[in-house]
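The primary structure of each chain is shown beneath.
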Amino acid sequence: MKEWFRYFRFWFLILAIAAAVFFVTRFISGRKGAQTDVTRINEVCTETERVFDYADVLTEEEEDKLRELIAEREKRTQCDIVLVIMNESLEEYARQYDSNAYGNDYTMIKADNFYDEHGFGWNKFQESDDGDGVLLLDNWYRESDGKVYTWFSTSGKAETRYSTYMIDHLLDEVYRYIKTDPYKAYRAYVETFYKDMTSDNPQGSADAMEFPWIAVIVIATVAAVIFIVINLSGREGKKTTRVDTYLQGKAPVFSVRDDHFLRKTTTKRRIETSSGSSSGGYGGGGGHHTSSGGHSHGGGGRSR
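Visitor: I'm lost on unusual backbone geometry in this one. Help?
Guide: Phi is mostly negative for residues that are not glycine, and the peptide bonds are mostly trans. Even without glycine at this site, Asp56 takes up a positive phi of about 55°. Mapped onto the elements, Asp56 comes out in the loop between β2 (51-53) and α2 (60-77). At Gln78, a residue that is not glycine, the phi angle is positive and equals roughly 55°. Its place among the elements puts Gln78 in the loop between α2 and β3 (80-86).

Encoded structure:
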């Protein structure tokens, strides 16, 4: 048993270090996401409202609940979080800025302009700064092409953070409830953004499907303990040889076995490979563009 422990002690040490690193990083990440003592500094924006329900989709109680949630999540993410709900055509409005605007361009242009014109941004010191923040514009009006459009606009560090994959995930969460429970859909927007900005592995990223290291560590530890207990408490294995096992009388007896090579067979098979490739992960990359006001924005849209 002592020999067994000497042989495997290196792997037990590695397991212990991995477990310690895992729990320490999780603790630090949790502490980082819990910071609430950073003050918003915006020398441009005088707007205190964050929920603009021009379509009267929400009740006053639901609007108040969203305002409270947004106020809390803004402190945690250090980003402005804005919700705009409309019910009017944006086709003509968008084509004033882009004559070729179509589909998601309608809500994109309006969302970016709304953000810029109100001067939103957690850390916006002057008009030329982009500021950290996001804005979800959900327009309930059915445009001439028969579709209803939604746009998620990002700015500052939110623009850098969000990839196309993450944007799609956030919009998926919104559209999961938008037809049956708009309040729940808009709450999902705020909460998903909060988790994406405070988590090391955002939900919408490929890394969100992270390997369950905690499960591996727990299972490996339990298996090791069980193995040790069984081997310590169990009896020694039954001996299968004795001193005279290979003796006949006083002369040694050995069984002679020979292998004879008979024939050789070679089989060839062509293995097909795919020329395509895919990659995952997260990082800035979702729909970067410059708004009509000259500010950098990212984001993505959806229709229903």
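Visitor: For this particular structure, what's the right way to read the packing of aromatic side chains?
Guide: All told, the structure shown has 10 aromatic pairs when counted by the stated rule. With 6.2 Å between their ring centres and 85° between their planes, Tyr106 and Tyr149 make a pair best called edge-to-face. In this pair, Tyr106 is assigned in helix α4 (residues 104-117) and Tyr149 in strand β6 (residues 149-155), connecting sequence segments 43 residues apart. Ring centres of Phe152 and Tyr162 lie 5.3 Å apart, and the angle between their planes is 70°; this geometry places the pair in the edge-to-face category. Of this pair, Phe152 sits in strand β6 while Tyr162 sits in the loop between α5 (157-161) and α6 (164-177); the two residues are 10 residues apart in sequence, bridging distant segments of the chain. Tyr162 carries the same exposure label as Phe152, and that label is buried. Three or more aromatic residues link up through ring pairs in this structure, and these residues are Phe52, Tyr54, Phe114, Tyr115 and Phe120. Here Lys110 stacks its cationic end above the ring of Tyr93, 4.6 Å away from the centre of that ring. Lying over the aromatic face of Tyr175, Arg302 brings its terminal NZ or CZ to 5.9 Å of the ring centre.

Visitor: Where do I start with the packing of α2 against helix α7 (residues 182-198) in this structure?
Guide: Working note: a packed helix pair is described by the angle between its axes plus the distance between those axes. Look at α2 against α7: their axes get within 10 Å of each other, and the N-to-C directions meet at 5°. With respect to α7, the axis of α2 lies roughly parallel. Two secondary-structure elements touch here, α2 through Glu62, Lys65, Leu66, Leu69, Ile70, Arg73, Arg76 and Thr77 and α7 through Tyr183, Tyr186, Arg187, Val190, Glu191, Phe193, Tyr194, Met197 and Thr198. Each residue belonging to the contact of α2 with α7 can be placed in one class, and the counts come to nine nonpolar, two polar and six charged.

Visitor: Looking at this structure, I do not really get α2. What am I missing?
Guide: With 18 residues, α2 extends 25 Å from end C-alpha to end C-alpha; this agrees with the ideal 26 Å at 1.5 Å per step. Along α2, the residues that are buried comprise Glu63, Leu66, Leu69, Ile70, Arg73, Glu74 and Thr77. Down the axis of α2, the buried set is contained in an arc of 140°. They therefore lie on one face. More than 90 degrees from the buried face of α2, the exposed residues found are Glu60, Glu61 and Glu68. Summarising the contacts, the buried residues of α2 are in contact with β2, β3, α5 and α7. Downstream of α2 by one or two residues, Gln78 has phi in the positive range, about 55°.

Visitor: Help me out: how do you make sense of the sheet that holds strand β5 (residues 133-139) in this one?
Guide: Paired through their backbone hydrogen bonds, the strands of a sheet run either parallel or antiparallel. Strand order in the open sheet formed by six strands is β2-β3-β5-β6-β10-β9, with mixed pairing between adjacent strands. The sheet terminates laterally at β2 and β9 (289-290), the two strands that pair on one side only. Along the sheet face, α2 touches β2 and β3 and points at about 150° away from the line of β3. Each of β5, β6 and β10 (296-303) is contacted by α6, which is oriented at about 45° to β10, the strand it contacts most.

Visitor: Please clarify how α4 should be interpreted in this entry.
Guide: Two residues of an α-helix separated by three or four positions point the same way, owing to the 3.6 residues in each turn. Between its terminal C-alpha atoms α4 stretches 20 Å, which fits the 20 Å expected from 14 residues at 1.5 Å a residue. Of all 14 residues in α4, 11 are buried; the element is thus mostly enclosed. Residues of α4 that are buried include every one of Tyr106, Thr107, Met108, Ile109, Lys110, Ala111, Asp112, Asn113, Phe114, Tyr115 and Asp116, and no others. One or two positions beyond α4, positive phi appears at Gly119, with a value near 70°.

Visitor: When you look at the packing of α6 against α7 in this model, what are you seeing that I'm missing?
Guide: Contact geometry of α6 with α7 gives a least axis separation of 7 Å together with a crossing angle of 155°. In terms of orientation, α6 lies roughly antiparallel with respect to α7. The handedness of the crossing between α6 and α7 comes out as right-handed. Contact with α6, carried on its side by Met166, His169, Leu170, Glu173, Val174 and Tyr177, involves Pro182, Lys184, Ala185, Ala188, Tyr189, Thr192, Phe193 and Asp196 of α7 and no other residues of that element. The class makeup of the residues in the contact of α6 with α7 is nine nonpolar, two polar and three charged.

Procedures and definitions
- Residues numbered from 1 in each chain as written.
- Predicted model: local features only at pLDDT ≥ 70, side-chain atom pairs only at ≥ 80, totals over all residues.
- Heavy atoms only, no water.
- Helix = DSSP H or I, 4+ residues; strand = E, 2+ residues; numbered from the N terminus.
- Phe/Tyr/Trp six-rings, centres within 6.5 Å; stacked < 30°, edge-to-face > 60°.
- Buried < 20%, exposed > 50% of the residue type's maximum accessible area, 1.4 Å probe, protein only.
- Lys NZ or Arg CZ within 6 Å of the ring centre and 35° of its normal.
- Axes fitted to C-alpha atoms, helices over the stretch in contact; angles between N-to-C directions.
- Parallel < 35°, antiparallel > 145°, perpendicular 65-115°, else oblique.
- Contact = heavy atoms within 4.5 Å.
- Nonpolar A, V, L, I, M, F, W, Y, C, P; charged D, E, K, R; others polar.
- Expected span 1.5 Å × (residues − 1).
- Arc of directions from axis to C-beta.
- Pairing = 2+ DSSP bridges.
- Left-handed = near helix turned anticlockwise from the far one by under 90°.

Nothing here speaks to function; it is geometry throughout.
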